[in-house]
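# Structure at a glance
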Number of protein chains: 2
Amino acid sequence: MAVTIRDVARQARVSVSTVSRALSAPGLVKEATRQRVLEVVRGLGYEPNRAARSLITGRTGNLGIVVPDLENPFYPAVLRGVQSRAHEAGCAVFFCDSRVAAEDALVRTMAAQVDGVVLCASLLDDDQVAELADTTPMVLLNRTLPGVSSVLMDSASGMAQVVEHLAELGHTDRVYLGGPEQSWSHRRRLVGLADRARRLGPFEPTFDGGVEGARQALSTGATAIIAYNDLMALGVLSHLSTRGIRVPEDISVTGFDNILYAAMCHPPLTTVAMPTEEAGRVAVDLLVDRLAGGPAECRELPTRLVPRASTGKAPMFS
Amino acid sequence: MAVTIRDVARQARVSVSTVSRALSAPGLVKEATRQRVLEVVRGLGYEPNRAARSLITGRTGNLGIVVPDLENPFYPAVLRGVQSRAHEAGCAVFFCDSRVAAEDALVRTMAAQVDGVVLCASLLDDDQVAELADTTPMVLLNRTLPGVSSVLMDSASGMAQVVEHLAELGHTDRVYLGGPEQSWSHRRRLVGLADRARRLGPFEPTFDGGVEGARQALSTGATAIIAYNDLMALGVLSHLSTRGIRVPEDISVTGFDNILYAAMCHPPLTTVAMPTEEAGRVAVDLLVDRLAGGPAECRELPTRLVPRASTGKAPMFS
DNA sequence: TTGAAAGCGCTAACAA
DNA sequence: TTGTTAGCGCTTTCAA
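Residues numbered from 1 in each chain as written. Chains lettered and ligands numbered in written order. Predicted model: local features only at pLDDT ≥ 70, side-chain atom pairs only at ≥ 80, totals over all residues. Heavy atoms only, no water.

Per an unreviewed UniProt entry, chain A is named LacI family transcriptional regulator, and its organism is Lentzea tibetensis.

Quick look at the structure:
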């Protein structure tokens with residue numbers, strides 16, 4: 001059996017409560033006693049039993065995060081932010097990809113063993129989210145709901161920058177390949193788009209979705225394709241390349257998110273940089289605040305256009 | 001306060017022990033009683049408190065996984081496998097990226113709240129791993145240690161296939177850009193290489209590492225560059241492209257792992273397919289077996305060459 | 001087949 | 001500043 005608080009107490013010649021206090025409320029113990037206890041703790045390699053602790057405090061010291069698709073490098077980046085900040089706050093992180101099971105089921109399962117959860121780009125409807133938020137402290141990422149904390153990335157502004165950039169290059173015939181219609185990010189992008197492009201879709205926000213989108217976009221005769229995200233844009237580039245269409249000479253392409261591969265592909269992708277890691281960190285901050293009894297809070301993080309080689313002047317003919 | 005086992009007992013007019021048994025040892029309760037209890041459980045929405053349960057059973061029902069770099073799409077894929085299998089087994093998954101803190105510290109922290117951990121491509125030395133494995137049931141991924149379960153991907157064979165492929169294309173002057181020297185995968189790849197290529201490195205197993213590797217490789221005059229992994233190969237492609245060197249006409253390039261982007265880049269990358277998701281699932285199987293008292297086990301999964309457009313005939317001149 | 005009761009290891013009143 | 005004690009919610013002997 002592992003070493004318990006009683007072993008420490010015995011060897012340090014104090015009561016168990018003193019040991020407990022020395023560990024979790026240092027101010028309430030005489031410094032000398034505390035040192036002695038800590039020494040014994042180290043000597044014995046004592047680790048408080050988390051189950052016992054959380055049984056009484058009702059806190060687990062754990063956070064959960066649910067992401068829609070880990071294969072999209074956007075989410076590992078968020079996860080990194082969450083993880084590093086959680087680590088600083090002394091929390092461990094539970095993780096779930098919502099392709100494994102329904103989002104609400106996952107959150108409910110998690111709720112049993114975490115103090116709060118970060119829910120990324122949820123596709124649940126408002127009522128469902130509200131119900132979950134009622135059960136568990138929650139922070140939404142790229143999604144809003146009154147009374148629930150959220151971290152937003154300014155998709156509207158990002159998309160507006162994209163359209164402006166294309167307009168400056170002389171593109172008048174633009175087409176937008178839309179993402180999931182329930183998605184908050186998609187809807188915000190539409191706001192930024194302000195009807196300055198034709199709309200196609202919805203498409204899966206993946207490479208394959210982009211391939212399909214490109215196919216449809218080609219028949220419109222547009223000179224610029226605006227993809228919902230980078231993964232789709234990569235699919236677009238791939239399809240155009242197999243069709244022998246040059247980018248950006250014949251058609252310009254833009255993505256969204258600035259995932260790592262946006263800079264590595266050919267041609268490098270004009271896209272919108274999202275503050276992913278920071279969003280992860282902020283989400284944890286908000287969650288921790290909330291757990292400490294603070295109010296629900298919304299934080300919007302800025303985005304910015306990253307012009308690269310996949311966009312160029314519109315072709316002169318048409 | 002949440003509903004407890006006593007509430008259920010009271011309403012079902014049985015003792016708490018009967019409720020407990022109805023839930024975790026159905027055989028020990030009369031069917032009729034059991035049905036009645038289950039009904040009340042559903043009616044009240046009762047969920048057993050995990051902390052209380054694990055306090056007494058010593059089990060948490062959680063698994064942990066430590067990966068070296070979530071930015072490498074290889075690991076999200078493994079994670080997916082781990083997660084889906086764990087979900088089937090009724091376990092939740094803790095996750096850690098070892099860039100947040102030292103591997104052994106992470107494992108130790110995790111050990112406190114999981115029943116076992118999957119340690120991926122650890123760079124710790126044998127003694128350290130052995131010590132950890134002594135504390136917590138553990139499964140190693142792409143790493144071996146006597147007495148510890150592990151899931152291996154056959155890197156040696158994969159690399160042998162790469163070399164053979166290049167040889168068939170007429171490349172006699174090949175260079176290998178090595179990964180981390182402590183890495184088991186790297187060493188296995190060397191075995192498969194069998195000195196049939198010059199060795200450079202070590203390099204960071206990242207895009208930037210690949211850029212640096214390409215720089216050094218160019219001065220050797222080799223006609224084929226074998227990268228430790230796809231991420232590096234992507235860096236190689238990028239550097240060659242900025243230098244105006246054509247792939248595969250001037251130089252052939254290969255990667256390793258078959259990450260998603262290997263198929264999306266330009267030209268598509270010849271690489272070695274790794275059974276990532278399956279490895280994740282198998283790792284969980286092994287861990288679960290171990291927890292049930294089974295013996296340590298080693299499982300090696302096959303790899304296979306995926307020829308694409310980044311490799312071609314060696315140039316005739318030299 | 002069921003119930004009573006003793007803890008699992010810890011924290012948090014309450015007393016001293 | 002420290003110690004005593006009563007549980008947190010559950011499982012598991014042991015008896016009935």
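The discussion continues.
## Considerations on the overall build of chain A
Looking only at helices and strands, chain A has 12 helices and 12 strands in total. What you see for chain A is a C-alpha radius of gyration of 25 Å, clearly larger than the 20 Å of a compact globule of 318 residues, by over 25%. Here chain A holds 318 residues, and the buried ones make up 54% of them. In the form shown here, chain A has an accessible surface area of approximately 13600 Å², with 50% of it arising from carbon and sulfur atoms. Across chain A, 32 positive and 35 negative side-chain charges occur, with their mean positions spaced 8 Å apart. (Helix = DSSP H or I, 4+ residues; strand = E, 2+ residues; numbered from the N terminus. Rg over C-alpha atoms; globule rule 2.2 N^0.38 Å. Buried < 20%, exposed > 50% of the residue type's maximum accessible area, 1.4 Å probe, protein only. Areas by Shrake-Rupley, 256 points an atom, 1.4 Å probe, with all protein chains shown as cover. Lys, Arg positive; Asp, Glu negative; His and termini not counted. Charge placed at Lys NZ, Arg CZ, Asp CG, Glu CD.)

## Some thoughts on the protein's contact with DNA strand D
Looking at DNA strand D, there are 25 residues lining it, with Ser17(A), Thr18(A), Thr33(A), Ile5(B) and Tyr46(B) nearest. Taken together, the sugar and phosphate atoms account for 58% of what DNA strand D places within 4 Å of the protein. For DNA strand D, a phosphate oxygen lies 3.0 Å from a polar atom in the backbone of Asn49(B). Elements represented by at least two residues in the surface near DNA strand D include exactly α2 (16-24) and α4 (50-57) of chain A together with α2 (16-24) and α4 (50-57) of chain B. Taken together, the residues of the surface near DNA strand D sort by class into 12 nonpolar, 9 polar and 4 charged. (Near = heavy atom within 4 Å. Polar contact = N/O pair within 3.5 Å; in protein donor to acceptor, adjacent residues only side chain to side chain. Nonpolar A, V, L, I, M, F, W, Y, C, P; charged D, E, K, R; others polar.)

## Concerning the interface of chain B and chain A
Many descriptions give the size of an interface as the accessible area lost when the pieces come together. Between chain B and chain A, the residue contacts involve 37 residues of the former and 37 residues of the latter. Buried area between chain B and chain A, summed over both chains or domains, comes out near 3500 Å², and the portion from carbon and sulfur atoms is 66%. Seen at the junction of chain B and chain A, the total is 2 salt bridges. When the shortest N-O distance is used, the salt bridge between Glu71(B) and Arg80(A) registers 3.5 Å. (Contact = heavy atoms within 4.5 Å. Buried area = accessible area lost by both parts, 1.4 Å probe. Salt bridge = Lys/Arg side-chain N within 4 Å of Asp/Glu carboxyl O.)

## Comments concerning the relation of the copies chain B and chain A
Take chain B, turn it by 180 degrees, move it 0.1 Å along the axis, and it overlays chain A with an RMSD of 0.3 Å. The operation mapping one copy onto its partner corresponds to a two-fold rotation axis. Interface overlap between copies: 100% of the residues of chain B at the interface are likewise at the interface in chain A, consistent with a symmetric, same-surface contact. (Least-squares fit on C-alpha atoms with pLDDT ≥ 70 in both.)

## Quick look at the protein's contact with DNA strand C
Around DNA strand C there are 24 residues in total, and Ile5(A), Tyr46(A), Arg53(A), Thr18(B) and Thr33(B) lie nearest to it. Counting only atoms of DNA strand C within 4 Å of the protein, the sugar-phosphate share comes to 63%. A distance of 2.8 Å separates a phosphate oxygen of DNA strand C from a polar atom in the backbone of Ser15(B). Within the contact set of DNA strand C, a phosphate oxygen lies 3.0 Å away from a backbone nitrogen or oxygen of Lys30(B). Within the residue set of the surface near DNA strand C, elements represented by two or more residues are α2 and α4 of chain A together with α2 and α4 of chain B. If you tally residues by element for the surface near DNA strand C, the top one is α4(A), at 4 residues. The class makeup of the residues in the surface near DNA strand C is 12 nonpolar, 8 polar and 4 charged.

## Re the domain arrangement of chain A
Along its sequence, chain A is organised into domain 1 (1-48) and domain 2 (155-274 + 305-317). On a C-alpha basis, the centroid separation for the pair domain 1 of chain A and domain 2 of chain A is 60 Å. (Domains from an automatic or database assignment.)

## A word on the pattern of salt bridges
For the structure on display, the rule yields 36 salt bridges over all chains. Here Arg85(A) and Glu88(A) are joined by a salt bridge, their closest N and O atoms 3.1 Å apart. Placement of the pair is Arg85(A) and Glu88(A) together in helix α5 (residues 74-88), with a separation of 3 residues, close to one helical turn. Arg85(A) gets classed as partly exposed once you look at its relative accessible area, which sits at 23%. We classify Glu88(A) as exposed; its relative accessible area is 58%. Each of Asp69(A), Glu71(A), Arg99(A), Arg80(B), Glu277(B) and Arg281(B) takes part in salt bridges that share partners, so that together they form one network.

## Topic: the packing of aromatic side chains
For the coordinates displayed, the defined rule picks out 5 aromatic pairs over all chains. Residues Phe74(A) and Tyr75(A) carry aromatic rings whose centres are separated by 4.9 Å and whose planes lie at 80 degrees to one another, so their mutual orientation is edge-to-face. Across the pair, Tyr75(A) and Phe74(A) agree in class, each one buried. Between the aromatic rings of Tyr261(A) and Tyr261(B), the centroid separation amounts to 3.5 Å while the plane-to-plane angle is 0 degrees, which identifies the pairing as stacked. Of this pair, Tyr261(A) sits in the loop between β9 (252-254) and β10 (271-273) while Tyr261(B) sits in the loop between β9 (252-254) and β10 (271-273), on two different chains. Each member of the pair, Tyr261(A) together with Tyr261(B), is buried. For Arg189(B), the ring lying beneath its charged end belongs to Tyr228(B), and the centroid distance is 4.4 Å. Across the ring face of Phe256(B), the terminal group of Arg189(B) is positioned such that the distance to the ring centre comes to 3.9 Å. (Phe/Tyr/Trp six-rings, centres within 6.5 Å; stacked < 30°, edge-to-face > 60°. Lys NZ or Arg CZ within 6 Å of the ring centre and 35° of its normal.)

## Description of the pairing of strand β5 (residues 149-153) of chain A
Residue and element names in this part refer to chain A. Counting buried positions over the 5 residues of β5 gives 5, a clear majority of the element. Residues Ser-149, Val-151 and Met-153 point to one face of β5 and Ser-150 and Leu-152 to the other, with burial holding for every one of them. With 3 bridges joining them, strand β4 (residues 138-141) and β5 adopt parallel strand pairing. Note on β5: the bridge partner recorded for Val-139 is Ser-149. Relative to strand β11 (residues 298-301), β5 runs parallel, the two being bridged by 4 bridges. Following the sheet pairing, Val-151 is matched in β11 by Arg-299. (Pairing = 2+ DSSP bridges.)

## Quick look at the state of the cysteines
On inspection of all chains with the given rule, the structure shows 0 disulfides over all chains. You can see Cys265(B) has no disulfide; the closest cysteine sulfur is in Cys265(A), sitting 9.6 Å from it. There is no disulfide at Cys298(B), and the cysteine sulfur nearest it, in Cys120(B), is 15 Å away. (Disulfide = S-S within 2.5 Å.)

## Concerning the nonpolar core
Ile65(A), Leu234(A), Ile65(B) and Leu234(B) are the most contacted members of the largest nonpolar core, which totals 137 residues. Counting 36 residues, the second-largest nonpolar core is a separate cluster that includes Leu132(A), Met110(B), Leu140(B) and Leu145(B). (Core = buried A, V, L, I, M, F, W, Y, C linked by side-chain atoms within 4.5 Å.)

## With respect to the pairing of strand β1 (residues 62-67) of chain B
Side-chain direction in a regular strand flips from residue to residue, so the side chains alternate between the two faces of the sheet. All names here are of chain B. β1 sits mainly inside the fold: 6 of its 6 residues count as buried. Side chains Asn-62, Gly-64 and Val-66 project from β1 onto one buried face, and the interleaved Leu-63, Ile-65 and Val-67 project onto a second face that is buried too. Pairing between β1 and strand β2 (residues 92-97): 6 bridges, direction parallel. Paired with Leu-63 across the strands is Val-93, a residue of β2. A crossover links β1 with its parallel partner β2, the connecting element being helix α5 (residues 74-88), and its sense is right-handed. Where β1 lies against strand β3 (residues 116-120), 4 bridges are found, and the strand directions are parallel. The residue bridging Gly-64 from the neighbouring strand is Val-117, located in β3. (Right-handed = clockwise from strand over helix to strand, strands pointing away.)

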